[in-house]
Amino acid sequence: MSVALAVDCGGVAFRNPVLTASGTFGYGQEFEGLADLRAIGGLVTKGISPRPRFGNRTPRICETAAGMLNSIGLENVGVDGFERDKLPYLRRCGTKVLVNFFGTTFDEYVACGEALARLEGVDALEMNVSCPNIKAGGIEFGTDPRVLGELVRACRPVVRKPLWIKLTPNTSDIISLARACADNGADALSIINTITAMAIDARSRRPKIATTFGGLSGPAIKPIALRMVYQVRSAGIPLRISGIGGIQSGQDAVEFFLAGASTVQVGTQSFADPAASERIVGEIEAFCRTEAISDVRELIGALRPL
């Protein structure tokens, strides 16, 4: 039987529901020859800021028992470098392109979003709100519903493309954050970003990364990500969701669909298996055939309570 894999999410029509997650797939070209980008639904670029950033000092990445810890520091080429050096390849890569972006002030977010939204070849923007607000003592923009709502409202008029918000899991109330995004003009939510964590080298008695704390990703965070996707979906927030967190297989992806996600983003697994995203597309299709599901959209939000 044939399986329909096309989905709409946040104002973008995808050939299938599998994307690559920001920060784990570079600018796409790094995976040329390792993965077929035409086989996946889309890719999300590294986070772009108004000006280039050089990131944190090393060591800034380490493996953990069920994933990895990173503190790259959002190193990137900036808006001008992205347009000049990265976008030409992305325009011909054969899949949808979402650009993750961020700033350290409201003005930087607005300027960055406006500049990126003007570029041909960018299908949507994904706003990273897990960044320190330097005018508020370093508190993340995305942890306060009021501040987050104001940020989305400030960016909405100048971002004339679909605007997705990538929510932080470092909160006790993901629903209020999601609602603030919906109330102020967002088109979709990406749930979740990395979880603040640390790792220690017992013999040296030192942290394993230079910044002490970093973002935990990989299989360890999947149950938390599923819970947060399900919470937002169950609360009736009127936005499509892209699920992120520990996705290694087609079955993992299906679990996110059942929890309420319309698409998924494959992150840490791409380091171990550069072709993971296209493999997962095939595994989703095989699952649907086995379960006699003709359209992947039948799975979205179809979790059955015990």
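Predicted, not measured: the structure shown is a model, and the values here were computed from it. (Residues numbered from 1 in each chain as written. Predicted model: local features only at pLDDT ≥ 70, side-chain atom pairs only at ≥ 80, totals over all residues. Heavy atoms only, no water.)

> I would appreciate a short explanation of the overall build of the protein chain in the present structure.
A count of helices and strands for the protein chain gives eight helices and 16 strands. Since a compact globule built from 306 residues should have a radius of gyration of about 19 Å, the 18 Å found for the protein chain is in line with a globular shape. Here the protein chain holds 306 residues, and the buried ones make up 53% of them. A fraction of 71% describes how many contacts in the protein chain between residues 6 or more apart in sequence connect residues 24 or more apart. Surface accessibility of the protein chain: about 13,400 Å² in total, with carbon and sulfur atoms responsible for 50%. Between the averaged position of the 33 positive side-chain charges in the protein chain and that of its 31 negative side-chain charges there is a distance of 4 Å. (Helix = DSSP H or I, 4+ residues; strand = E, 2+ residues; numbered from the N terminus. Rg over C-alpha atoms; globule rule 2.2 N^0.38 Å. Buried < 20%, exposed > 50% of the residue type's maximum accessible area, 1.4 Å probe, protein only. Contact = heavy atoms within 4.5 Å. Areas by Shrake-Rupley, 256 points an atom, 1.4 Å probe, with all protein chains shown as cover. Lys, Arg positive; Asp, Glu negative; His and termini not counted. Charge placed at Lys NZ, Arg CZ, Asp CG, Glu CD.)

> Would you explain helix α1 (residues 78–91) in this entry?
Structural remark: α-helix, 3.6 residues per turn; residues separated by three or four positions point the same way. Of all the bends in α1, the largest measures some 45 degrees and sits at Asp85, one to four residues before the proline Pro88. Along α1, the residues that are buried comprise Gly78, Val79, Gly81, Phe82, Leu87, Tyr89 and Leu90. Close packing links the buried residues of α1 with β4 (42–44), β7 (96–101) and α2 (106–117). (Bend = angle between axes of the 7 residues up to and from the residue.)

> What am I meant to see in unusual backbone geometry here?
Trans is the prevailing form of peptide bonds, just as negative phi is the prevailing case for residues other than glycine. In this structure, the amide linkage connecting Thr58 to the following residue, Pro59, adopts the cis form with an omega of -5 degrees. Note that Pro59 resides in the loop between β4 and β5 (61–64). Along the chain, Ile191 connects to Ile192 via a cis peptide bond; the corresponding omega equals 15 degrees. By the element assignment, Ile192 lies in the loop between β10 (188–191) and β11 (195–198). Even without a glycine there, the phi angle at Ala292 is positive, about 55 degrees. With respect to the helices and strands, the residue Ala292 is situated in the segment after α8 (276–290).

> Got a minute to help me understand the pattern of salt bridges in this structure?
Oppositely charged side chains are able to pair whenever their charged atoms sit close together. Throughout the structure, instances matching the rule amount to 12 salt bridges. Linking Asp252 and Lys222 is a salt bridge whose minimum nitrogen-to-oxygen distance equals 2.6 Å. Separated by 30 residues along the polypeptide, Asp252 in helix α6 (residues 250–259) and Lys222 in helix α5 (residues 222–234) bring together distant segments of the chain. In this structure Lys222 comes out as buried when scored by relative accessible area, which is 15%. (Salt bridge = Lys/Arg side-chain N within 4 Å of Asp/Glu carboxyl O.)

> It is not clear to me how the state of the cysteines should be interpreted in this structure. Could you clarify?
The bond known as a disulfide is covalent and runs between the sulfur atoms of two cysteines. Under the defined criterion, the tally for this structure stands at zero disulfides. For the unlinked cysteine Cys93, the closest cysteine sulfur is that of Cys9, found at 18 Å. (Disulfide = S-S within 2.5 Å.)

> Mind showing me how you'd approach the sheet that holds strand β9 (residues 163–166) here?
Across a sheet, paired strands are connected by hydrogen bonds in the backbone, their directions being either parallel or antiparallel. Pairing within the closed barrel is parallel, and its eight strands lie in the order β3-β4-β7-β8-β9-β10-β15-β16. Here the average twist between neighbouring strands, direction ignored, is 25 degrees. As paired strands, β9 and β10 are joined by three bridges and run parallel to one another. Bridge pairing in β10 places Ile165 opposite Leu189. The sheet strands contacting α6 are β15 (240–244) and β16 (263–266), and the helix crosses β16 at an angle near 140 degrees. (Pairing = 2+ DSSP bridges. Axes fitted to C-alpha atoms, helices over the stretch in contact; angles between N-to-C directions.)

> Quick question: what am I supposed to make of the pairing of strand β8 (residues 124–128) here?
Along any regular strand the residues' side chains alternate between the sheet's two faces. β8 sits mainly inside the fold: five of its five residues count as buried. Judged by which residues are buried, β8 turns out to be covered on both faces: Ala124, Glu126 and Asn128 on one side and Leu125 and Met127 on the other are all buried. With respect to chirality, the unit in which β7 leads through α2 into the neighbouring parallel β8 is right-handed. Across four bridges, β8 lies against β9 in parallel orientation. What sits directly across from Glu126, in β9, is Trp164. (Right-handed = clockwise from strand over helix to strand, strands pointing away.)

> Explain the packing of aromatic side chains to me, please; I cannot follow it from the model alone.
Two aromatic rings are characterised by how far apart their centres lie and by the angle between their planes. A full pass over the atoms with the stated rule returns five aromatic pairs. When the centroid spacing of 5.9 Å and the interplanar angle of 50 degrees are considered together, the rings of Phe106 and Phe141 count as tilted. You can see Phe106 sitting in helix α2 and its partner Phe141 sitting in the loop between β8 and α3 (145–155), a full 35 residues away along the chain. Among the residues examined, Phe141 registers a relative accessible area of 1% and is labelled buried. Between the aromatic rings of Tyr109 and Phe141, the centroid separation amounts to 5.0 Å while the plane-to-plane angle is 75 degrees, which identifies the pairing as edge-to-face. Highlighted residues: Tyr109 in helix α2 and Phe141 in the loop between β8 and α3, separated in sequence by 32 residues. Phe141 shares its class with Tyr109; the two are buried. Among the aromatic side chains, those forming a connected cluster through ring pairs are Phe101, Phe106, Tyr109 and Phe141. (Phe/Tyr/Trp six-rings, centres within 6.5 Å; stacked < 30°, edge-to-face > 60°.)

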